[in-house]
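# Summary of structural features
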Amino acid sequence: MDPIPNAMCGTKGVLELLVVQATPFCNVDCAYCYLPNRSSTARMSEATLERLFESVFSSPFVSDRLTVLWHAGEPLVADVDYYRRVFAIIERLNRSSIRVTHSIQTNGTLLNRDWIEFFRQHNVRIGISLDGPPHLHDRYRRNRNGGGTYEKVLQAVRLLRRNDYPFHVITVLTRQSLSAAHELFSFYIEHGISDVAFNIEEVQGEHSRSSFQEEDPGEAVRSFFRDFLGLVESHPGKLEVREFAGVFGMITDSRAADCDNPQTEPMRIVTVGVNGELSTFSPELIGSRSERYKNFIFGNVHQGGLAGVVSQRNFMDVCADIQLGVHRCRQSCEYFELCLGGAPANKFFENGGFDSAETLHCRLSKKALIDIALERLERAPGLQLG
Amino acid sequence: MAAIGIAPAAVPQPPPEQSMQANSIPERLRIVRERFGTEESQDIKRDRPTVRFTQWYKGR
């Protein structure tokens, strides 16, 4: 059986998210980080960035809008002058006036007023990684000397609030967080945080053991989300939660499947490594090792560019295996209509192959949320979120 | 619940809708959707993928 419908593996040819690794280096050494080369202080050269955006803007995959996410390392390690030059390059090369939105996901420890001024000039979307109160945050998010980073991150939150700059927070949920729904909710409210996303700790890349692997935490995760949803609903207008907006949107809109799954379709997400390496599908694949798939590098901006990716043999192999995995999800999982085939990186790192179906990530990040959302909607139709 | 293992791809499997049970996720989804209708605008439909990507991506 050949699950590849055509040579481009079914891509609709729309690049929507470009993840750019300005540097793989991170000044924080989180215990659950997936990046294998986060001690490297390499920085993407301006020549590479210029070649990258020439390739992006001239590629057959670009549409009238594009989100550029600076991540896969701590982006603020590269100083603000670097981004001033880089953004000028991008603006100069954007001859078709494509609507480019920049996003930065940062640990916040290097944030200062210069950064905020720069963000304001360019309408940069900011996400701060903050896991809640010190006993939750500092347990995993430590600097390279082993010390906690909570105080510095909270300073960044305060600075953003004082300067009236909007931001969201991403919190990684670990086993210790699951009994702290009320504490986390109070923490966000106390610190003026009104937009939150939860990532459940995963087995990915360098992080080969999760705090969730000891026993099945499905019910604990459902209980957390059930409690947290109750808190959000009983405090209208206080807190928006990405997971709730996403799952209720998917459930109540039967056209959700039209949007497909960005991680299983090539070129909808493109990840660019510090030396111009090109990858696609799940962004977490960049920097990871695989002899079979040649480390998931499908080309380079200096050789072949974006257009050359889909003709690479290892790209076709990955694509075929991902499509087989989606097929298996479709055949075996009753949540398929809402999940659309899961996350290839999680399948690879957890199950050892893309051509597989269920993962721990599925059970905790998808199924648990769908379960509590359906329960909630079946109990009463009225719903007010955020 | 979904099977943890995976069936060989070559073995024909009934699509989920054919084996829909009263309390299955697809059936519960159908009932909830009927109750809500699908009143979102085409604009929201168009915007949804971008919203999902940018909000979805897992910064650490």
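Residues numbered from 1 in each chain as written. Chains lettered and ligands numbered in written order. Predicted model: local features only at pLDDT ≥ 70, side-chain atom pairs only at ≥ 80, totals over all residues. Heavy atoms only, no water.

This next bit is on the nonpolar core. All names here are of chain A. L18, W70 and F228 are the most contacted members of the largest nonpolar core, which totals 116 residues. Examining the composition of this core, we find that nine residues originate from one element, helix α12 (residues 360–379), more than from any other. Setting aside residues up to four positions removed in sequence, F228 forms contacts with A181, L184, F185, Y188, F198, L239, V241 and F244. Among the nonpolar cores identified, the runner-up in size contains 10 residues, and V28, Y32, Y34 and Y140 belong to it. (Core = buried A, V, L, I, M, F, W, Y, C linked by side-chain atoms within 4.5 Å. Buried < 20%, exposed > 50% of the residue type's maximum accessible area, 1.4 Å probe, protein only. Helix = DSSP H or I, 4+ residues; strand = E, 2+ residues; numbered from the N terminus. Contact = heavy atoms within 4.5 Å.)

Further remarks concern the packing of aromatic side chains. Residue and element names in this part refer to chain A. Tallied over the full model, the rule gives 33 aromatic pairs over all chains. Taking 5.6 Å as the distance between ring centres and 25 degrees as the angle between the ring planes, the aromatic pair formed by F224 and F228 counts as stacked. Of this pair, F224 and F228 are both found in helix α7 (residues 218–234), four residues apart, which corresponds to roughly one turn of the helix. Relative to F315, the ring of F281 has its centre 5.8 Å away and its plane inclined at 15 degrees; by these criteria the two rings are stacked. (Phe/Tyr/Trp six-rings, centres within 6.5 Å; stacked < 30°, edge-to-face > 60°.)

Turning our attention to the confidence of the model for chain B. Reading fine detail from the predicted coordinates is not recommended where pLDDT is low. Across chain B, pLDDT averages 51, with 23% of residues at or above 70. Predicted complex, confidence summary: ipTM 0.83, pTM 0.87. (pLDDT = per-residue confidence, 0-100.)

Moving on to the environment of L324 of chain A. Residue and element names in this part refer to chain A. Tracing the sequence through the fold places L324 in helix α9 (residues 313–332). Classification of L324 by relative accessible area gives buried; the value is 17%. In this structure the C-alpha to C-alpha distance between L324 and S356, which are 32 residues apart in sequence, comes to 7.6 Å.

This part covers helix α3 (residues 113–122) of chain A. Because each turn of an α-helix spans 3.6 residues, side chains separated by three or four positions in sequence point in the same direction. All names here are of chain A. Within α3, the full set of buried residues consists of W115, I116, F118 and F119. Each buried residue of α3 lies within a common arc of 160 degrees when the element is viewed along its axis, so the set occupies one face. Considering only its buried residues, α3 is in contact with α2 (80–93), β3 (99–106), β4 (125–129) and α5 (150–162). N123, located one to two residues past α3, shows a positive phi value of around 50 degrees. (Arc of directions from axis to C-beta.)

With that out of the way, let us pick up the sheet that holds strand β8 (residues 269–272) of chain A. Residue and element names in this part refer to chain A. On the basis of which strands lie adjacent, the open sheet formed by nine strands has the order β7-β6-β5-β4-β3-β2-β1-β8-β9 and mixed pairing. Looking at strand neighbours, the two that pair on one side only are β7 (240–241) and β9 (278–280), the edges of this open sheet. Bridge analysis of strand β2 (residues 62–70) against β3 gives six bridges, and the strand direction is parallel. Paired with L69 across the two strands is S103, which belongs to β3. Strands in contact with α2 are β2 and β3; relative to β2, the strand with the most contacts, it is inclined by about 170 degrees. Here helix α8 (residues 242–252) sits on the sheet and contacts β6 (195–200) and β7; the angle it forms with β6, its principal contact strand, is near 80 degrees. (Pairing = 2+ DSSP bridges. Axes fitted to C-alpha atoms, helices over the stretch in contact; angles between N-to-C directions.)

Residue and element names in this part refer to chain A. Following both chains from N to C, one finds α8 and α12 inclined at 65 degrees, their axes separated by 10 Å at the closest point. When the axis of α8 is compared with that of α12, the two are roughly perpendicular. Viewed along their axes, α8 and α12 form a crossing whose handedness is right-handed. On α12, the residues touching E243, F244, V247, F248, I251 and T252 of α8 are L369, I370, I372, A373, L374, R376 and L377. In terms of residue class, the contact of α8 with α12 is built from 10 nonpolar, one polar and two charged. (Parallel < 35°, antiparallel > 145°, perpendicular 65-115°, else oblique. Left-handed = near helix turned anticlockwise from the far one by under 90°. Nonpolar A, V, L, I, M, F, W, Y, C, P; charged D, E, K, R; others polar.)

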